[in-house]
Amino acid sequence: MSCLLLLIACNQEKLPEETDTSPEFKTQSNFVNSPAYIYKDSVELKNAMAAFQLEPGLQIDLIAADPLVADPSAFTFDEKGALYVAENTGYPDPMDGKKPDTLGKISRLIDSDGDGKYDQRTTFVEGLTYPNGIMAWKGGVFVTCAPHIYYFKDTDGDGIADIKDIVLTGFNANRTAQIRTSHPTLALDGWIYVTSGLNGGEVYSPAHPERKPISFNGADGRFHPETLEFQTRGGKSQFGLAFDAFGRRYGSSNRHPLQHIVMEPDQLNNNPNLLFNKTIENVSPAEADGFVYPISESITTAEYIPKLMGKSHQGTFTSACGTLIFESEGLDTSHKGDAFICEPAQNLVQRQSIKNNGATFISERVHEDWEFLASSDSWFNPVFLAHGPKGAMYLADMYRKVIDHPSYVPEETRGALDFESGKGKGRIYRISNENWHYTQVESIFPSTAKADNETLISALSSSDEWERSTAFRLILEKASHTIVNSLKELVLSNTIDEGKVKAIWLLYHMDSLDEELLTTIYENNGPEVKEQIIAIIGLNKNISSQLAKSLIKGASDTDPRVRFLTAAAFGTDTKSQWLPYLANIAQQDASDPWARAAVMTALNGQESKFLKILEAEKTSVNYHQLPMWSELGELIGSSVPSQELKALIDAGINSEWDNPTFSLLLGLLKGSERGQSLGKEKNYLDSFTKSKDQLQALIQETADRASSSEDSLTSRIQATALLSYFSPGTTEGTLKGLISPSNPSEIQLAAIQSLGNLNSSETGEILTETTAWKSYTPTTKGAVIATLVSRPILRDQLLKSIENGKIKPAEIPSSTRQSLMKAKDKKVKMRAENLFKELESGGRMKVYEDLKSVLDLEGIAENGQGIFKTNCATCHTFAGEGGNVGPDLSGISNQPSLAVLLHTIVPNYEVYPGFQAITVTTNEGKQITGRIAAESSNSLSLKTAYGSEENILRTQIKNIDNPGVSLMPNGLEQNMNEQELADLLAYLKGN
C-alpha cells in the first residue's frame, strides 16, 4: 500500500483513556489592520485571529495579508527589513501533462512607518511557475523554482528586479509541485543548501558550460553563491530544511517531522569498502508515533465528500514541513533550541524539544496533548517558519480551502473538491512573548544605514539569531579583511557561543584561522565550539602535528558528538598514528552505529592494524560491541589478500572461541564474499580447521550459541549467520530447527537467510516443506519467498513446489510473479507463465471498477484486523503493529474509502520515487528486489518487501532494473473475498 502515503492528510483513532490536560488559552485579538494599509475584509482576518489556540504567554500578530501578499510559500528578510515573499499562486500544478501555470511571483513588502506591519508592495518578479524557496544575497534573492534556481536583483531602486539570472538548472520538475527542490539556506560553511524535494535531476550552471551536469536522485544538495558549483549532500528532505545555531542540519518529509543529517557522502566515501550508506537519523517520533492534536473540524480532503467522510480524531503528521530550530529569545528562553514544525493538513504547528543522543539527537513533543499553535479554521495552512526582526518567530500561512494535491485524490472525487478557493489569499504572522512590543525592542537590524565593522561585530554577539545570521551573511558577502582582527577578538572573548561559531567560520572563509588560534579556541571552549574546530580540521587532507593535538583530545572528550566528529575528521588523513585514538572511540561508542560508521570510514586500508589494537583489549568486550567486531571483519575480509584472510581465519579458529572471535569470523567470511572475483568458490570454515574433530567441535559450538536462549540476541543472530559458512550438508538440520515459530522472529529470519546462503536443493526443500510452509507468519513467509527467488537452485525448487501443488500460485506476490514471468532464463519464464498467467491477466483499473461494489458491503473491523496482519503487516504499520517497508498507514482513517480501495487495488496509480521497486542482479547471479533505503557512491541498501535490508557494494552490482512500479504487489484482492476486502477497509477506516 505504498501509495497510501500520498493521501496526505490522515488521522489515527484516539488512544483510550487519554485525558485532556490542555491549559486555558487566551483569545488572540491583536489588531489586524496596519494604519497605513486597510485590508478589504477585517472581519475575516479578526475571525482568523480568534480561531488560533496559541501556547499561553505568547501572542500572534498579523503583519501582512491579502491582497498585500498572496499564497506565501516562503519568505526572507533583508538587512533593511524588506520582506521578499515567494508567492506560489499557481499551486497545485495542472495534471495530465498540461502546461504549467505562470502565476508565481516574488513580492517585495515594505514597512514604511516602522510599526512592524507591512503596508507597501511591489511585484519584484512575476511570470514564474511554482516558486517555493527564497534567500537574500548581495542585495537580491536566490529563488528555487524547479527546474531552475534564479537570482533576482533590483539595481535601479524601483522595487522590481532587473537582473533575472538562471544560476542553476536541471532540477526535476516532472512530478507534482509538492516534491521539488526548495529552502535555499546559507550554512556556516558558506554554501547554500537546498532540499531535494524527494526528487532528482541533472543540475548544471548555464554560466559554466564547461562543467559536467551533476546527476542525482533524491539527495539534498548545496551550491556556492559565488562559484555556482553544485554538490549533492546527505539527506532526502521534502519541504523543510533548518540549521541550528551550531550548524547541525535538519530536514523533514511528510511523515518524518525532524531528521538530522548526521553524515555526508564524502565522509562515507573515505572508505570504498564500507557498506554503511545512511546519512539520516529520525530525531522525532515519525509515522505512526508522530502524534498531532488538531482542533479544526475539517482536516482532510474527506471533509468535502460527505458520503466518504471519516470521524476526526487525534492524528499523526502527514504533511510535516517548514521546520525551524528557534534560536532567538523573542518568545522566552525556554523555547531556544526547540524545533517548530508546520503541519498544514491539520492546521497546526508543533513544538519539540531536542536532546543529545550520542552522535545525533532525539526530540519529543513539549506539550502532551495540545499544540504550540493550532487553529479551528481549516483554511489555515502554515507552511514556512523563519527567524526575523527583533527576535520573533515568523510564519507563512498559505490560506487555502484544500491544500492537498489533486494527484493524490481518486480521479472520480477530484471534481468534488475545491482546489481553487483561497488562491490569491495568504497571511504572514509574527509570534512573540505577550509582553513583547515591536517598537520597544532595541535592535541593530533592520537598518537602512550601511553596517560598519563595529556594527557587524556587535550583531554577531546578539541574542537574536536573525541579527547574528544577517551579520554573518553581510560579512561573507563583503569578505573584507578589515574585520579580521575584530573577529579574532570576538572568538577569544566571552561572547555567546552562537556568535562565536559564526566568527570562527568567517575567519576560516577569509583564510585567517591559523593553527595556533584553532588550538587555542579548542582548549578554551565547550563541546559546541569544539565541534566547529574539529569540522574545520577535518577539511584538511594532511593534518599537522599542531592540529592533531586537538583531535587527540577530541578522541577522549566527554561529549559523544565531539568523539564522533573526531573519528570522522581522522578519516580525511589516514595516518596509522590515529589508530589508537580511533580504537578508544570505537570501544567507548560501539553501541552507536553512527560512531562505528565514522570509525570505519577513517580506517581505509588500515583495518588489520586496527584489529590488532582491539585484540589487545578483547577480554573486556561486551555484547554491545559485537556488531563493531563483525563490521570490522567484513571490511577486512573484503579488502585484504587471500593469504592474509586465511591467516586471520586460522587465528580465529585456533584461539579461544569467545563472542568477539565469532563476530570477527562471521565478518571475515561475509567480507570475503564481497571481495572475491566472479566464479571464485565460497570460503567455508571446513577448509580452515585442522581436523574433523575440530570441525565438529566448531559446528557444535556455533549451533549451541545459535540455540541458546540464555545468550544475547546479538550473539545468537551472529552464530545463526555463521552456520551458513560450513559446507552444505552439515548445518541444515540445525537451521531447520531455528526457523521454528518457537524461536524469536529475528532468529527465524537469520536462519532463513543462512539456508539461502547455503544455496542447495536440500535447503530449498526445507524452506518449501509443507508443514514448515503452513507455519510461517506473513513476515517469515515473505522472507522465505525472497530467499527462494534470489538464486537459480532455490528458484527451481520454488517453481517445482508450485507445480506439485504444495504451494498455491496466489501465495506468491504479484511483483514476484511478474519478475519470474520476465526472467531472462527462458525455461524459468515459460514455467512462470504457465503458473501465473491467469492471475496476472486483466487491467488493474478494471479490477478496481469491478470491486467498487465492496464499498456497499458492511465491513467488520475486528475481522479486518486479522486480514491486515496476514496480507499487509509485513510491509506496513497500522495502529502500532507491522513492518516499515512501505508507508505507515496508521493515519488513513479519515481518507475516502474510494481512495483507500484505489491505492490498494492499483498500487502503481501514483508511486513516490522513494517507494519504487528496483531489482539488483549481483555478479554472482543473486537477485534482490526492494526500494532504495539509502545509498552512497560505494553501496546501496535495499529494503525488500519482506522487511529485510540488503546492503550491496556497487562493485558487486551487475545491473539494476527500475521499471518505476510500486514495491507493493498487484493482486492483493486475490488473497481474499469481497467481504474480507470490506472488512479490511473497515479496519483501516476505524469503523
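What you are looking at is a predicted structure, and each value in this text was computed from that prediction instead of being measured.

Scanning all chains against the criterion turns up 41 salt bridges. We note a salt bridge from Arg468 to Glu465, for which the minimum N-O separation is 2.6 Å. With Arg468 and Glu465 both in helix α5 (residues 465–478), this residue pair falls three residues apart, about one helical turn. Just as Arg468 is buried, Glu465 falls in that class too.

Core analysis: the largest hydrophobic core is formed by 214 residues, its most contacted members being Phe75, Phe152, Phe372, Leu373, Ile431, Leu460 and Phe610. Looking at which domains feed residues into this core, each of domain 1 (43–440) and domain 2 (479–571) gives three or more. With 27 residues, the next largest nonpolar core counts Val847, Phe878, Leu889 and Ala982 among its residues.

Here we take up unusual backbone geometry. Residue Ala146 is joined to Pro147 through a cis peptide bond whose omega torsion reads 15 degrees. Its place among the elements puts Pro147 in the loop between β8 (140–145) and β9 (148–153). Cis rather than trans, the peptide bond between Phe445 and Pro446 has omega equal to 5 degrees. Relative to the helices and strands, Pro446 resides in the loop between β30 (427–433) and α4 (453–460). One non-glycine residue, Asp511, adopts positive backbone phi at about 55 degrees. Owing to a relative accessible area of 73%, Asp511 belongs among the exposed residues under this scheme.

For the rest of this paragraph, the subject is empty space enclosed by the protein. With the rule as written, the count across this model stands at four cavities of 30 Å³ or more. Taken as a whole, the largest cavity encloses approximately 770 Å³ of empty space. Elements with a contribution of two residues or more to the lining of the largest cavity: β3 (72–77), β7 (133–137), β11 (182–186), β17 (241–243), β23 (321–325), β28 (382–387) and α5. A total of six residues in the lining of the largest cavity trace back to one element, the largest contributor, which is α5. Grouping the amino acids of the lining of the largest cavity by side-chain chemistry returns 21 nonpolar, ten polar and five charged.

The next subject is the confidence of the model for the protein. Per-residue pLDDT for the protein averages 88, and the proportion of residues at 70 or more is 90%. Note that pLDDT drops below 50 for residues 1–20; the model gives that stretch 91 contacts with residues more than four away or on any other chain.

What follows covers the environment of His208. Along the polypeptide, His208 turns up in the loop between β13 (200–204) and β14 (214–217). In sequence terms His208 and Gly81 are 127 residues apart; their C-alpha atoms lie 33 Å from each other. Contacts of His208, omitting those with residues within four sequence positions, involve Thr227 and Leu228. At a separation of 3.3 Å, a polar atom in the side chain of His208 contacts the main-chain carbonyl oxygen of Thr227.

Here we take up the sheet that holds strand β6 (residues 120–128). Judged by pairing direction, the sheet is antiparallel, and its four strands sit side by side in the order β3-β4-β5-β6 without closing on themselves. Two strands in the sheet have a free side with no partner beyond their single neighbour: β3 and β6. Mean inter-strand twist for the sheet, computed between neighbouring axes without regard to direction, equals 20 degrees. Here β3 runs beside strand β4 (residues 83–87); their pairing, made up of five bridges, is antiparallel. When the bridges of β4 are listed, Phe75 appears paired with Val85.

Strand residues, when the strand is regular, have side chains that alternate between the two faces of the sheet. Of all six residues in β9, five are buried; the element is thus mostly enclosed. The antiparallel hairpin formed by β8 and β9 contains two residues in its connecting segment.

For the rest of this paragraph, the subject is the packing of aromatic side chains. Here the structure, examined in full by the defined rule, presents 25 aromatic pairs. Ring geometry for Phe52 and Phe380: centres 5.0 Å apart, planes at 80 degrees, overall edge-to-face. Of this pair, Phe52 sits in strand β1 (residues 52–54) while Phe380 is found in the loop between β27 (373–375) and β28, placing the two residues 328 residues apart along the sequence. Arranged with centres 4.9 Å apart and planes meeting at 80 degrees, the rings of Phe75 and Phe384 form a pair that is edge-to-face. Taken together, the residues span a long stretch of sequence, with Phe75 in strand β3 and Phe384 in strand β28 at a distance of 309 residues. Of the two residues, Phe75 and Phe384, neither departs from the other in class, the shared state being buried. Here a set of aromatic residues connected by ring pairs shows up, and it is made of Phe75, Phe77, Phe384, Tyr394 and Trp466. Positioned above the aromatic ring of Trp191, the side-chain terminus of Arg222 is 4.1 Å from the ring centre.

Right, let's talk about the packing of helix α11 (residues 560–570) against helix α12 (residues 579–588) for a bit. Contact geometry of α11 with α12 gives a least axis separation of 10 Å together with a crossing angle of 140 degrees. Looking at the two axes, α11 sits oblique to α12. The two elements α11 and α12 cross, and the hand of that crossing is left-handed. Touching Arg563, Thr566, Ala567 and Phe570 of α11 are Tyr581, Leu582, Ile585 and Gln588, all from α12. Tallied by class, the residues present in the contact of α11 with α12 amount to five nonpolar, two polar and one charged.

Reading the values: the criteria
Residues numbered from 1 in each chain as written. Predicted model: local features only at pLDDT ≥ 70, side-chain atom pairs only at ≥ 80, totals over all residues. Heavy atoms only, no water. Salt bridge = Lys/Arg side-chain N within 4 Å of Asp/Glu carboxyl O. Helix = DSSP H or I, 4+ residues; strand = E, 2+ residues; numbered from the N terminus. Buried < 20%, exposed > 50% of the residue type's maximum accessible area, 1.4 Å probe, protein only. Core = buried A, V, L, I, M, F, W, Y, C linked by side-chain atoms within 4.5 Å. Domains from an automatic or database assignment. 1 Å grid on protein atoms, 1.4 Å probe; cavity = no way out; pocket = protein on both sides within 12 Å on 5 of 7 lines; lining within 4 Å. Points joined across faces, edges and corners; volume = space filled by probe spheres on them. Nonpolar A, V, L, I, M, F, W, Y, C, P; charged D, E, K, R; others polar. pLDDT = per-residue confidence, 0-100. Contact = heavy atoms within 4.5 Å. Polar contact = N/O pair within 3.5 Å; in protein donor to acceptor, adjacent residues only side chain to side chain. Pairing = 2+ DSSP bridges. Axes fitted to C-alpha atoms, helices over the stretch in contact; angles between N-to-C directions. Phe/Tyr/Trp six-rings, centres within 6.5 Å; stacked < 30°, edge-to-face > 60°. Lys NZ or Arg CZ within 6 Å of the ring centre and 35° of its normal. Parallel < 35°, antiparallel > 145°, perpendicular 65-115°, else oblique. Left-handed = near helix turned anticlockwise from the far one by under 90°.

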